[in-house]
Amino acid sequence: MAGESGSLLLIQFARAPVVGGVKTRMLPVLSALQACDLHCEMTLWTTRQLLSLGRGTVELSVAGDSSHALFSRCRSLGVNRISLQRGEDLGQKMFHAIRDGLAEFENVVLVGSDCPEIDAAYLQQAIAALQKTELVFGPATDGGYVLIGARAIREALFRDIPWGGDQVYAKTLAALAHTELTWHQLPALRDIDRPEDLPVWDALKRAAGTAVHSA
């Protein structure tokens, strides 16, 4: 059935934290344990950003063990539901999540857990754009994208994309040109994937701490 008019689903993709299996591009600047801790911190940070919007249903879509304590913590923060990612690669997983979401909600916004610059204001920009267009993208400065919002979706947008490389967004736009879908681009944000990205993460945490202490 079609989603209820004006309804919103916010999906966060997250991997179960496994030491040596997450944030591996941070090695050896960070140890495997430190990289796993970073992954957990950023997952919780993103969950809080989605919840701070104060609207919509928040779903955590998990790769791996959905019963992990990290995801129980996300539920305790206010996440409405947890699902398992389905598909052979990231593209299939995103397509299935968005398509399933659009069967229930009019608007779906999907983010990962690697971009702490996504905040309530950025999410609101995406939602506002979806009132006028069928797709919205938040590009990443490394050539990927940090957010996709949809009122309609096509599987072709997720085929033959070199996930994890610097051509993800360009290839996606090339595929988009062969569809009839309308779209909007948000300002580019930074992922925290490599050691050189860590100062961005540290600055965000310091700014958040300052805001808390000055409130």
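Counting of residues starts from 1 at the beginning of each chain's written sequence and follows it residue by residue. Residues qualify for local features only when their pLDDT is at least 70, as the model is predicted, and side-chain atom pairs are given and counted only at 80 or more; totals for whole chains, interfaces and linings, by contrast, use all residues. Working from all heavy atoms in the structure, the side-chain values ignore hydrogens and water.

### A look at unusual backbone geometry
Link 1 in the chain: Omega for the peptide link from Leu27 to Pro28 comes to 0 degrees, which places this bond in the cis form.
Link 2 in the chain: Following the sequence through the fold, Pro28 ends up in the loop between strand E1 (4–15) and helix H1 (32–52).
Link 3 in the chain: The backbone of Lys23 sits at a positive phi, close to 50 degrees, despite the residue not being glycine.
Link 4 in the chain: A positive phi angle is found at Asp160, which is not glycine, with a value near 55 degrees.
Link 5 in the chain: In this structure, Asp160 sits in the loop between strand E6 (145–150) and helix H5 (168–176). Numbering goes from the N terminus for both helices and strands, where a helix is a DSSP run of H or I of at least four residues and a strand is a run of E of at least two.

### Remarks on the side chain of Asp193
Link 1 in the chain: Here Asp193 shows up in the loop between strand E7 (183–185) and helix H6 (198–214).
Link 2 in the chain: Whether two residues are in contact is decided by their heavy atoms, any of which lying within 4.5 Å being enough. When neighbours within four sequence positions are excluded, Asp193 is seen to be in contact with Lys23, Arg25, Met26, Asp114 and Asp142.

### Some thoughts on the nonpolar core
Link 1 in the chain: Residues grouped as a nonpolar core are buried Ala, Val, Leu, Ile, Met, Phe, Trp, Tyr and Cys residues, joined through side-chain atoms within 4.5 Å. Burial classification: accessible surface area is computed with a 1.4 Å probe over protein chains only, and a residue below 20% of its type maximum counts as buried, one above 50% as exposed, and the rest as partly exposed. Counting residues in hydrophobic clusters, the biggest one holds 31 residues, and the most contacted among them are Val109, Ile118, Leu123, Val146 and Leu147.
Link 2 in the chain: Of all elements in the fold, only E1, H1, strand E2 (57–63), helix H2 (69–77), strand E4 (105–111), helix H4 (120–129) and E6 reach the threshold of two or more residues within this core.
Link 3 in the chain: Setting aside its immediate chain neighbours within four residues, Ile118 contacts Gln49, Val111, Leu123, Val146 and Leu189.

### Looking at the environment of Gln131
Link 1 in the chain: Mapped onto the elements of the fold, Gln131 is located in the loop between H4 and strand E5 (135–139).
Link 2 in the chain: Counting along the chain gives 39 residues from Gln131 to Ala170, while the straight-line C-alpha distance between them is 24 Å.

### Focus: the pairing of strand E3 (residues 81–84)
Link 1 in the chain: Two strands qualify as a pair provided that DSSP identifies no fewer than 2 bridges between them. Two elements, E2 and E3, share four bridges in a ladder whose sense is parallel. Bridging across to E3, Val62 finds its partner in Leu84.

Bear in mind that shape data such as this cannot, by itself, settle questions of function.
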